[in-house]
Amino acid sequence: MDHQAIQSIVEEVVLRLTEASARNHSVPMAVSARHCHLSKNDLEALFGESYELTKKADLSQPGQFAANESITIVGPRGSLEKVRVLGPARTMTQVEVSQTDSVRLGVKPPLRESGDISGSAPITLVGPKGSLYKNEGLIIAQAHIHMTAEDALNFAVKNGEFVKVVVEGERPVTLGKVLIRVSPRYKLEMHVDTDEANAGFITGKSKGKLIKYEETV
């Protein structure tokens, strides 16, 4: 085999390895607008006794769906109508908004991992059959990546680890302190809120490159 043929083979192998590496570190993205998760008791308080959510559309994460139902959330300064309820019902009520939303409401919700509502901001919820004042439950969700254990092995990350994500495009942006969340119930996807999406022109078609903190961009 002559030198030129060997060189061509080497170049082809390098190209394929480079492409595979790019694929392995590419994360599909989704923009998460303001929404709420309701406990069964709170769902009934807002919509009526024995009320069940009705599905509008399936979400990308298995078993999760956007419901037809929506509520109004009210703060000291203002309110936000038609806040989508996501299903199924949960063990506790949680409302997720952006920083821009919080200014409009006149509240100061903490930046938290979804599910961590202890000591979070209070909020009033208004539904067609009633209203509720919650002492806690309003958060700004930490940017995070859902993935399976196989994905975590592929990316060489672990549950609870923080990483950076670089999003190329018309307005390139690097998002720091992105939380890794690993579960067999998840599908690989990064979730950002509307403020983060607007800053980087991020859409549901965007992809990000995962960077571990000890690596360089």
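For the structure, see preceding data.
To keep things clear, this report deals only with the structure shown in the data block.

### Let's talk about the overall build of the protein chain
For the protein chain, the count of helices and strands is five helices and 14 strands. For the protein chain, the proportion of its 217 residues judged to be buried stands at 42%. Across the protein chain, every contact between residues at least 6 apart in sequence was considered, and the portion connecting residues at least 24 apart equals 66%. Put simply, the protein chain shows about 12000 Å² of open surface, and 52% of that area lies on carbon and sulfur atoms.

### Describing the environment of glutamate 161
Following the sequence through the fold, glutamate 161 ends up in the loop between helix 4 (149-155) and strand 11 (162-167). C-alpha separation for the pair glutamate 161 and leucine 179, spaced 18 residues apart in sequence, amounts to 5.9 Å. Filtering out sequence-adjacent residues up to four positions away, glutamate 161 remains in contact with Ala156, Val178, Leu179, Ile180 and Lys212. Separated by 2.7 Å, the side chains of glutamate 161 and lysine 212 make a polar contact.

### Section: the sheet that holds strand 13 (residues 189-193)
Strand order in the closed barrel formed by six strands is 1-13-10-12-11-14, with mixed pairing between adjacent strands. The average angle at which neighbouring strand axes cross in this sheet is 40 degrees, direction not considered.

### Remarks on the side chain of histidine 35
Take histidine 35: it is sitting in strand 2 (residues 35-39). At 3.5 Å, the side chain of histidine 35 forms a polar contact with the side chain of serine 32. In this structure, histidine 35 is in contact with Val83, Arg84, Leu86, Gln94, Val95 and Glu96, ignoring residues within four places of it in sequence.

### Details of the packing of aromatic side chains
Here the structure, examined in full by the defined rule, presents one aromatic pair. Geometrically, the ring pair formed by phenylalanine 47 and tyrosine 51 is stacked, given 5.2 Å between the ring centres and 25 degrees between the ring planes. Residue classification places tyrosine 51 among the partly exposed residues on the basis of a relative accessible area of 25%. Stacked on the ring of phenylalanine 162, the Lys or Arg lysine 177 has its end atom at 5.4 Å from the ring centre.

### Considerations on unusual backbone geometry
With an omega of 0 degrees, the peptide bond running from glycine 87 to proline 88 counts as cis. Here proline 88 is to be found in strand 5 (residues 79-90). With a phi angle near 65 degrees, serine 50 is a residue other than glycine that sits in the positive phi range. By the element assignment, serine 50 lies in the loop between helix 2 (40-47) and strand 3 (55-58). A relative accessible area of 51% places serine 50 in the exposed class.

### Describing the pattern of salt bridges
A side chain with one charge can pair with a side chain of the opposite charge if their charged atoms come near. Tallied over the entire structure, the rule returns eight salt bridges. One connected set of salt bridges, linked through shared partners, spans Lys40, Glu44 and Glu52.

### Observations regarding the nonpolar core
Of all hydrophobic cores here, the largest spans 22 residues; its most connected members are Leu38, Ile71, Ile73, Val95 and Leu125. Elements with a minimum of two residues in this core: strand 2, helix 2, strand 4 (65-74), strand 5, strand 8 (121-126) and strand 9 (131-141). Sort the elements by how many residues they give to this core and strand 4 lands first, with four residues. If we ignore the near neighbours within four places in the chain, the residues touching valine 95 are His35, Cys36, Ile73, Ile123, Leu125, Gly137, Leu138 and Ile139. Counting residues in hydrophobic clusters, the runner-up holds 20 residues, among them Val27, Met147, Val192 and Ala197.

### Topic: helix 2
Taken together, the buried positions of helix 2 are Asp42, Leu43, Leu46 and Phe47. Seen from one end, helix 2 has its buried residues packed into an arc of 110 degrees, which puts them on one side. At its buried positions, helix 2 is contacted by strand 2, strand 4, strand 8 and strand 9. Two residues or fewer after helix 2 comes glycine 48, characterised by a positive phi angle close to 120 degrees.

Parameters at a glance
Residues numbered from 1 in each chain as written. Predicted model: local features only at pLDDT ≥ 70, side-chain atom pairs only at ≥ 80, totals over all residues. Heavy atoms only, no water. Helix = DSSP H or I, 4+ residues; strand = E, 2+ residues; numbered from the N terminus. Buried < 20%, exposed > 50% of the residue type's maximum accessible area, 1.4 Å probe, protein only. Contact = heavy atoms within 4.5 Å. Areas by Shrake-Rupley, 256 points an atom, 1.4 Å probe, with all protein chains shown as cover. Polar contact = N/O pair within 3.5 Å; in protein donor to acceptor, adjacent residues only side chain to side chain. Pairing = 2+ DSSP bridges. Axes fitted to C-alpha atoms, helices over the stretch in contact; angles between N-to-C directions. Phe/Tyr/Trp six-rings, centres within 6.5 Å; stacked < 30°, edge-to-face > 60°. Lys NZ or Arg CZ within 6 Å of the ring centre and 35° of its normal. Salt bridge = Lys/Arg side-chain N within 4 Å of Asp/Glu carboxyl O. Core = buried A, V, L, I, M, F, W, Y, C linked by side-chain atoms within 4.5 Å. Arc of directions from axis to C-beta.

The quantities given are spatial measurements derived from coordinates; they are silent on function.
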